[in-house]
Amino acid sequence: MQAVRKTFGSVVALNEVNLHINRNEIHGLLGGNGAGKTTLMNVLYGLYKPDSGQIRLDGQPVEIHSPRDAIRQGIGMVHQHFLQVDTYTVLENIVLGTAIKNRPTMQLAEAEQRVKALSDQFGLTVKPQAMLETLPMGARQRVEILKALYRGIKILILDEPTTNLTPQEVDSLFESLRVMVSQGMSVVFITHKLGEVMSACDRITVLREGQSVLTLDRAAASPESLVQAMVGDELDVADSLLFSTSKTVSDPPDRTQPPILAMDAVTVLGDNRQPLLEACSLAVYPNEIVGIAGVAGNGQRELAESILGLQAPSAGRISIAGTDVAQTPTVKLLEKLVSYIPEDRLQDGFLPSASVGQNLILGRHRQEPYSKNGFLNWPVINRAARRLIGEYKIRTLGPDDTGANLSGGNIQRVMIARAFSFPAQLVVAHNPTQGLDIPSIEFVFSKLLAHKAAGGATLLISENLEELLLLCDRIATLYRGRIAGILTRDEFDKYEIGRLMSGARIDS
Amino acid sequence: MALELTPDAPSGAATRFKQIADQLLPYLIAVVVAFIVIGLVIGLMGFDVLTAYRTILFTSFKSKNGFVQTLLKFVPLLLQALAFTVPLAAGKFNIGGEGQMLMGAIGAAIVGIIFADLPLLILLPLVLLASVLFGALWGAIPAWLLYQFNMNEILTTVLLNFISFSLVDYVAVELFRDPAAGHPTTVPIGAGGELPLLISSPPLHSGLILAILVAAAVYIYTNKTSAGYELVVTGANPRAAGVFGIPVRRLFFASLVIGGMLAGLSGGIEVAGSHHRLIEGMQSNYLLLGIIIGLIAKGNNLAVPFVAFFIAILEVGASAMQRTLLIPGEMVFIVEALILLFVLLSDVFKKR
Amino acid sequence: MDQAQLTNFAKLVILAMVPYVLASQGTMLGGRTGIFNVAQEGIMLVGASVGFLAAYLSNSLLVGVLAATLVGGVFGLALAYFTTTLRMNQFVIGLALFFIGLALSTLLFKFAIGVTLRPPLVPTLPNIAIPGLAQIPFLGEVLFDQNWLVYFTFIVSAFLYYLLYQTSFGLELRAVGENPKAADSLGVNVTLLRYGTAIAGGMLMGIAGAYLPMVYTGTFTEGIVQGRGWLAIALTFFGGWRPDFIFLGALFFAGVEVLALRVQVIGSVVPYQILLMLPYIATILVMMPAFKGVRAPAFLGQNYDREKRTQV
């Protein structure tokens, strides 16, 4: 790929980017969020139309206008958020869009044989007739990879493939990738995690702010050189929290005081009376950050929402600083006790058609000084909004700007600004750094640590294990709605948490 | 990502004026283009285009009678539009303003007929209250179906319109029929139930003032209060609203009931102000025009009265055109639909 | 009710099913690629008006049906263009098209016919008995001694079922309504399928409209559709967005309509106004359980933008 340029409105997402991928290699594409990794690969896969630039395959220039073209050229992509039809079977998802024999009558027996052969060949076990919505994340990812292999591709692009995997599953994924490369394929591996690049890739290209900074062989790369390339001059790596090598970033809490958050044997039932959260007991003390690890969908959302009083537990009791959650409306809890950064900022936190100002007061809209006697005080709100926009570096035209004009990273800043705009005893932060570039992640970390230093309690729910290991005083792991184990800082071990995440302790 | 300085929101009279002008321009273009399109059609059919334009646009201002006619149209149009925009703020489409209006009219007529002997100070408030309550009931049914069964409100509000037609027929034919009328009509309500007149000739009733007050109250509610903010947030993203403690489903319910009340009041004012009785077919096409007004105003309750007044001018012009030039009044309806489309289109092209 | 009355009743129900089934299959088809059409009532009115006028002026019912198909397709095309290409709100555009259909139907009739004391008439569609099948006792007479649009409705429903569930084309089509991005990433042409289903859906609605003057009234009147377009939306949900269940569900909708009409003719103690309400009340009642259990296409009513980075 040569001199690829892509803009969204006035934002330059890719600026003259070059990328060269060899045969038989796993090529790491490293960079912080917003560096343009995914955008570049979406261009290669025909989902985005580049403004300028050229793509060459085996020396020949090719035109890729759509995924159909990309597939025809032997390029396949596994997106970070899997693109699957939940109501279809594994097999139907795989054959979708391919030229099936007997198109009018759709005989799938032959296709099924091929899928089975591929899954044996690369060690990707799936059940072809299983309905997709019943599958766990790891299996869904294998389906995505099989989808690409089934189309006979030569280049496989994987976008942040390890996000929802346990460390054990990550290892097995890397093994499958090795098999593919040994058989003549190339793999592009998009990630922002340094460790994965160092352990899995043959060559590495670093992107920063839409530009390719450097390309190195792994042998020639050191973690330090890659970090500096990722962050440029904007950040002093030596002082950085994110890349700190020291074991402690903050002081341990005093657990003899009464806890701020106390959950006692809390059970939350789903629509079908199945427990989504089962007998969870957890305490978070002042000055403490407790992490929640686990593969997405194991009760994290229910945990957060039950603390906010949004899901009523069928059993158990939750209190925040002595206030019983069950007895208190959510709006009241949000006033002084809890701040919340929701998991899915677009679905659960953001109002695209409302103004930035309206977005910033959500949850505080019945609270002085924003509101008095039921009437909103717009001059005060606009002043406060302008202050937050400046302090949290939200790129927008101002409080009256429409939310829809913001980019993903700026939307996340609105979430952060909203959560920290009023002091609260407890912060519940669910994936607070997703979609943020490296300096912003630093900023969020410093905010969380400042909250801790001020005596506040934090529940940090994250799919990013590194983040938890760095910041938390204790880590509890959720598996199928149960707390599979709680480790304190001196017991932290990635593979032990991985075992807890996959239910090894409970099941065996 | 480098930090950019955030410019302060523009202030000062001059920039404020420019902002408003920027917003009005697409409307102006939409109206002009719609008139050109329809002028071509009328011209091709052999009618006199300029006379048609003049009739549509200026009938309201040529005579005192025309202006009063326009104001009388304006009242139900304004309330119908608000009955659409309030639920729309919460993201719900109320297509049942017609049925809610008729229910309001039924309530007003029943109370006005049964208690015909009561004095003005008691009967008039009762009549209007009955219309609001009946309208609220007709809004509450789809609201409940939505709350309890998650049933699409577009569907239920429309189906209730059809039920209300039969109810009007039942009241006007079986219960309080006026034998002297050729068309299903009830006997008149008591004189105490009639809205006082502002001008006696041509008659202009005080429902106009009532409607304007209600519109002002609706604007304050949706734009200036915390409760109205919750309504808007619910419409913008119901899940986010729920996560931040707003009782979303209750607001859906409330928004549809408020819509029903507003539409019901429009029926009550028609009975107490204009007809003094319930007449089958009195709903005219206020529902559709109300929706068009609400959509042209893009749900902005400050803009609704102005758009409603403009549409009232077109409607009065349309009847005049049908009378004098024999061009079907539906022509103007097409103009209105085209204005709506062009206003919506201007948004799309502004974004590009 | 004796045998002959029962046969006659069943036959009328089948006859009354047609507009519901066609309009509802049209709705379902668009919905399966995510386009939620709410302009049925307007498109059916235009279909009725244009279908009648074309049949009247050309002296051919077939020409009438074809004209209605065409104009319905144009409405479907407009819906697809505004929502899929310009990405405007589907409900708002649907309502706008409903208004235009409503106004256009009356306007065209007034321009073409003018004001007359005696309405112009077209002959109603003749029954065509299918040799052999029509001889089967009861069922034969009910199902196979009908007009050709009834047979067309049978065939369309069966064909749609086959297309959606038995072919790989159907697999792709349904995927667009469930997760267009997934379909797009596998090379399925999302835009083309959305245009195609919206247009085909509009065509079916146009035919559903034209059916009314050609079977019931022989002429066009403003109130001819009487909410059948809206009821068709209800039927689509009731039928779980599946062609087979929609067909069966239409039996209920048509049954209530015919029943209300017959009781009115025979006369009863119940005021006729109550009978007129019956179809709408019955619809709301049956929808209560249906809406809780039904699974509509996941992407219903939304617009797809391949390059949109923050999809809400």
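If you're wondering where the values come from, they're calculated on a predicted model, not measured in any experiment.

1. Some thoughts on the interface of chain B and chain C
Facing 42 residues of chain B, the contacting portion of chain C comprises 42 residues. Taken together, both faces of the contact between chain B and chain C bury some 3,900 Å²; the carbon and sulfur share is 85%. On the chain B side of the interface with chain C, the three residues burying the most area are B:Leu155, B:Leu159 and B:Phe162, jointly 15% of the side's total. Between chain B and chain C we count one salt bridge in total. Ionic pairing is found between B:Glu330 and C:Lys110, a salt bridge with its closest N-O pair at 3.2 Å. Inspection of the region where chain B meets chain C yields four residue pairs in polar contact (both at pLDDT 80 or more). At the level of elements, helix H5 (120-149), helix H6 (153-175), helix H11 (286-296) and helix H13 (330-351) of chain B are the ones that each hand at least two residues to the side of chain B that touches chain C. The biggest single contributor to the side of chain B that touches chain C is H6(B), with 13 residues. When grouped by side-chain class, the residues that make up the side of chain B that touches chain C number 33 nonpolar, five polar and four charged.

2. Section: the interface of chain A and chain C
Contacts between the two partners involve 38 residues from chain A and, on the opposite side, 28 residues from chain C. Summing both sides of the interface, chain A and chain C together bury roughly 2,800 Å²; the carbon and sulfur share of this comes to 59%. Where chain A touches chain C, the interface holds zero salt bridges. The interface formed by chain A and chain C includes five residue pairs in polar contact (both at pLDDT 80 or more).

3. Considerations on the sheet that holds strand E3 (residues 26-30) of chain A
Across a sheet, paired strands are connected by hydrogen bonds in the backbone, their directions being either parallel or antiparallel. All names here are of chain A. Spatially, the six strands line up as an open sheet ordered E6-E7-E8-E3-E9-E10, and their pairing is mixed. The open sheet has two free edges, formed respectively by strand E6 (75-78) and strand E10 (211-217), since each of these has just one partner strand. Averaged over all neighbouring strand pairs, the angle between strand axes comes to 20°, with direction disregarded. In this sheet, strand E8 (residues 186-191) lies alongside strand E7 (residues 155-159) in parallel orientation, the contact comprising five bridges. Across the sheet, residue Asp 159 finds its bridge partner in E8, namely Ile 190. Its contacts with the sheet place helix H1 (residues 37-44) against E3, E6, E7, E8 and strand E9 (203-208), and it is angled at close to 145° to E8. Set on the sheet, helix H8 (residues 223-231) makes contact with E3, E9 and E10; between it and E9 the angle comes to about 30°.

4. Here's the deal with the packing of aromatic side chains
If you walk through the whole model with that rule in mind, you get 32 aromatic pairs over all chains. With a centroid separation of 5.5 Å and an interplanar angle of 75°, the aromatic rings of B:Phe35 and B:Tyr53 are classed as edge-to-face. In this pair, B:Phe35 is assigned in helix H1 (residues 13-44) and B:Tyr53 in helix H2 (residues 49-62), connecting sequence segments 18 residues apart. Judged by centre distance (5.4 Å) and plane angle (40°), the rings of C:Tyr161 and C:Tyr165 are tilted.

5. A closer look at the side chain of A:Thr162
Residues and elements named next belong to chain A. Tracing the backbone through its elements, the reader meets Thr 162 in the loop between E7 and helix H6 (167-182). By relative accessible area, Thr 162 is classed as buried at 3%. Looking at Thr 162, its side chain comes within polar contact range of the side chain of Glu 196, at 2.6 Å. Sequence-distant contacts of Thr 162, defined by excluding residues within four places in its chain, comprise Val 170, Leu 173, Phe 174, Phe 189, Lys 193 and Glu 196.

6. Considerations on a nonpolar patch on the surface
Residue and element names in this part refer to chain B. Taken together, the side chains of Ile 114, Phe 115, Leu 121, Ile 122, Leu 126, Leu 129 and Leu 133 define a hydrophobic patch exposed on the protein surface, amounting to about 700 Å² of accessible area. Top contributing element to the nonpolar patch by residue count: H5, with five residues. Note on placement: Phe 115 falls in the loop between helix H4 (97-114) and H5. Classification of Phe 115 as partly exposed rests on a relative accessible area of 41%.

7. A word on the nonpolar core
If you look at the biggest cluster of nonpolar residues, it comprises 325 residues, and the most contacted ones within it are A:Leu156, A:Leu177, A:Ile320, A:Leu459 and C:Phe99. Setting aside chain neighbours within four positions, we find C:Phe99 in contact with B:Leu288, B:Ile291, B:Ile292, B:Phe333, B:Ala337 and B:Leu340. In terms of nonpolar packing, the next biggest core, distinct from the first, is built from 41 residues, A:Leu360, A:Ile441, A:Val444 and A:Leu487 among them.

8. A closer look at the sheet that holds strand E20 (residues 457-461) of chain A
Residues and elements named next belong to chain A. The strand order across the open sheet formed by six strands is E16-E19-E20-E13-E21-E22, and the pairing between neighbours is mixed. A single partner strand is all that each edge strand has here, and the edge strands are strand E16 (338-341) and strand E22 (482-488). Averaged over all pairs of adjacent strands, the angle between strand axes in this sheet comes to 15°, irrespective of strand direction. Here strand E13 (residues 289-293) pairs with strand E21 (residues 474-479) via four bridges, running parallel. In the sheet register, Ile 292 faces E21, and the bridge partner there is Ala 476.

What counts, and at which threshold
- Residues numbered from 1 in each chain as written.
- Chains lettered and ligands numbered in written order.
- Predicted model: local features only at pLDDT ≥ 70, side-chain atom pairs only at ≥ 80, totals over all residues.
- Heavy atoms only, no water.
- Contact = heavy atoms within 4.5 Å.
- Buried area = accessible area lost by both parts, 1.4 Å probe.
- Salt bridge = Lys/Arg side-chain N within 4 Å of Asp/Glu carboxyl O.
- Polar contact = N/O pair within 3.5 Å; in protein donor to acceptor, adjacent residues only side chain to side chain.
- Helix = DSSP H or I, 4+ residues; strand = E, 2+ residues; numbered from the N terminus.
- Nonpolar A, V, L, I, M, F, W, Y, C, P; charged D, E, K, R; others polar.
- Pairing = 2+ DSSP bridges.
- Axes fitted to C-alpha atoms, helices over the stretch in contact; angles between N-to-C directions.
- Phe/Tyr/Trp six-rings, centres within 6.5 Å; stacked < 30°, edge-to-face > 60°.
- Buried < 20%, exposed > 50% of the residue type's maximum accessible area, 1.4 Å probe, protein only.
- Patch = residues over 30% accessible without salt bridge, like charges linked within 9 Å, V, L, I, M, F, W, Y side chains within 5 Å.
- Areas by Shrake-Rupley, 256 points an atom, 1.4 Å probe, with all protein chains shown as cover.
- Core = buried A, V, L, I, M, F, W, Y, C linked by side-chain atoms within 4.5 Å.

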